[in-house]
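A look at the structure
Okay, here's what each chain looks like letter by letter:
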Amino acid sequence: MSTPFASAAPYHARYRPPYPAEFYALLADRFALDGWQTVLDLGAGPGANSLALAPLVDHVYAVDPEPAMLAEGRRLAEDRGCANVSWLEGDASVVSRLCLPRIDLCVIGSAFRRMDRVRVLADLDAMLAPRGGIVLVSSADDPEGTRPSWTSVVEEVCANFLGADRRTEDGVAETDDPVRPGDLARLEDLASPEDLDEGLAKSAFSRIDTTVWNQRLRFTADQLVGLQLSFPRSSPALLGDRQGAFESALRQALLDHDPGGTYSRTVAVTATLATRPRP
C-alpha cells in the first residue's frame with residue numbers, strides 16, 4: 001500500500017511553488033558559490049533546492065527518507081540534464097553515517113522543525129567545512145497580509161473528504177506535513193520559529209542572519225487541486241478511491257467561488273543563515 005509521502009511525491013514535484021530566485025542569489029553571494037562547493041540538501045523531497053543549486057556548485061547530495069521523492073528528483077534531474085546531484089535515501093538521524101565528503105553548505109527546508117535539532121546540528125558541526133554554514137528555508141502566511149477567501153473553499157472541501165482534523169494549510173503553507181520515520185515522534189514536538197532560532201543560538205552555528213521575502217503566488221484551479229495532492233495529509237493514499245471525486249469537487253468549488261480561474265496569495269519566505277562565529 002502506498003504511503004502518504006510516496007503517493008504525494010509526483011504532485012510535490014509538479015505543483016509545489018519554487019522559492020524565489022532571490023533566495024538562491026543570496027546563497028550564491030553569502031557562500032561565494034563559484035562551482036567548487038559541495039552542498040547537502042537534507043530532507044530534500046524531490047530536490048527543488050538541489051536542482052536549483054546544482055548549476056552553482058560542484059556537487060549536491062540530496063538526502064530524503066522517501067524513495068518515491070528521490071525517484072521524482074532523479075527524473076527531474078535527468079529531464080534537465082543535471083548530472084551533479086546524488087540522490088541518497090536516509091533521514092536526519094543517519095546523515096553522519098552516509099560517508100559524505102566535507103560539506104560547504106547544508107540547506108534544510110521545513111523538515112527541520114521535525115528533526116532532533118540538537119543532534120542534527122552537532123552532526124553537521126562535524127561535517128561542515130570551517131567556513132561552511134546551514135540555511136533553513138520555509139514559507140508561511142504573510143503575517144501582514146489578508147487571507148484570500150478562496151482558502152476557505154479549499155479547507156471546506158478537504159474537511160468534507162478527509163475530516164476537519166486532516167484539512168490542509170490552505171494549500172500553500174508547508175507546516176502540515178505529518179512526522180515521517182526518523183523524525184521526532186510526536187507532533188507536539190514541532191518547533192516554533194523562536195525555538196529554531198534559540199536552538200541555533202545554542203549550537204556551533206550561532207551566527208544567525210535572517211532574510212524574508214514576500215512572494216506573490218498565482219494558481220489555476222487545476223494547480224490548486226494538484227497542490228492539495230502534494231500534501232501528505234490530503235494525498236492520494238489517504239483519499240483512496242475518492243481521489244477523482246475530490247479533484248472534481250475542489251475544482252468545481254473553486255470555479256464556483258471565482259469563475260475567473262486565477263487564485264492569488266502572498267507568502268513570506270524566510271531564509272535563516274547560520275554560520276560559526278568568526279574568531
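Throughout this document, residue positions are counted from 1 along each chain, in the order its sequence is written. Under the rules for a predicted model, residues below a pLDDT of 70 receive no local features and side-chain atom pairs below 80 are neither given nor counted, while totals for whole chains, interfaces and linings still include all residues. Note that the side-chain values use all heavy atoms of the structure and ignore hydrogens as well as water.

Here the focus is the overall build of the protein chain. When its secondary structure is counted, the protein chain shows ten helices and seven strands. When burial is assessed residue by residue, the protein chain has 51% of its 279 residues classed as buried. Here the open area of atoms and residues is found with the Shrake-Rupley method and a 1.4 Å probe, where only the protein chains shown may cover a residue. Approximately 12900 Å² of the protein chain is accessible, and the part contributed by carbon and sulfur atoms is 49%. Strands here mean DSSP runs of E at least two residues long; helices mean DSSP runs of H or I at least four residues long; both are numbered from the N terminus. Exposed residues in this analysis have more than 50% of their type's maximum accessible area, buried residues have under 20%, and partly exposed residues fall in between, with area computed by a 1.4 Å probe over protein chains only.

Once that is clear, we can look at the pairing of strand β1 (residues 38-42). Burial within β1 is extensive, with five of its five residues counted as buried. The side-chain alternation of β1 yields two buried faces, one formed by Thr38, Leu40 and Leu42 and the other by Val39 and Asp41. Note: two strands are recorded as paired if DSSP finds a minimum of 2 bridges between them. Sheet topology note: the β1/strand β2 (residues 59-64) ladder contains five bridges and is parallel. Along β2, the bridge assignment pairs aspartate 41 with alanine 62. With its strands directed away from the observer, a crossover is right-handed exactly when the path from the first strand over the helix to the second travels clockwise. Handedness of the β-α-β unit built from β1, helix α3 (residues 48-53) and β2 comes out right-handed. Relative to strand β4 (residues 103-108), β1 runs parallel, the two sharing four bridges. Residue aspartate 41 lies in a different strand from β4, and its bridge partner there is valine 107.

Let us look at the confidence of the model for the protein chain. pLDDT is defined as a per-residue confidence score from the predictor, taking values between 0 and 100. Per-residue confidence for the protein chain gives a mean pLDDT of 89; residues scoring 70 or more make up 89%. We call two residues in contact when some of their heavy atoms are within 4.5 Å. Here residues 173-190 is modelled with pLDDT under 50, and outside its nearest four sequence neighbours on either side it reaches 47 contacts, counting other chains as well.

We now examine the packing of helix α1 (residues 4-15) against helix α4 (residues 67-80). To define axes, lines are fitted to C-alpha atoms, for helices over the stretch in contact only, and angles between the resulting N-to-C directions are given on a 0 to 180 degree scale. Between α1 and α4, the least distance of the axes is 8 Å, while the angle of their chain directions is 25°. As summarised for this structure, α1 and α4 are arranged roughly parallel, according to the angle between their axes. Where α1 crosses over α4, the handedness of that crossing is right-handed. In contact with Phe5, Ala6, Ala9, Pro10, His12 and Ala13 of α1, α4 contributes Ala68, Met69, Glu72, Arg75 and Leu76. Of the residues belonging to the contact of α1 with α4, the class tally is eight nonpolar, one polar and two charged. Every angle not falling under 35 degrees, over 145, or within 65 to 115 is termed oblique; those three ranges are roughly parallel, roughly antiparallel and roughly perpendicular. Left-handed describes a crossing whose near helix is turned anticlockwise from the far helix through less than a right angle; right-handed describes the clockwise counterpart. Lys, Arg, Asp and Glu make up the charged group, whereas Ala, Val, Leu, Ile, Met, Phe, Trp, Tyr, Cys and Pro make up the nonpolar group; the residues left over, Gly among them, are polar.

Our focus in this paragraph is the sheet that holds β2. Taken in spatial order, the seven strands make up an open sheet running β3-β2-β1-β4-β5-β7-β6, and their pairing is mixed. Looking along the sheet, the strands with just one partner apiece sit at the ends: β3 (85-89) and β6 (207-220). Within the sheet, the average angular offset between the axes of one strand and its neighbour, ignoring direction, is 20°.

With 13 residues, helix α6 (residues 150-162) should reach 18 Å at 1.5 Å per residue; the first-to-last C-alpha distance of 18 Å fits that figure. α6 sits mainly inside the fold: ten of its 13 residues count as buried. Of the residues making up α6, those classed as buried are Trp150, Thr151, Val153, Val154, Glu155, Val157, Cys158, Ala159, Phe161 and Leu162. Along its buried surface, α6 packs onto β6, α8 (221-229), α9 (236-239), α10 (243-257) and β7 (262-275). Once α6 finishes, glycine 163 follows within two positions and takes phi at roughly 95°, a positive value. Multiply 1.5 Å by the residue count of a helix minus one, and that product is the helix's expected span.

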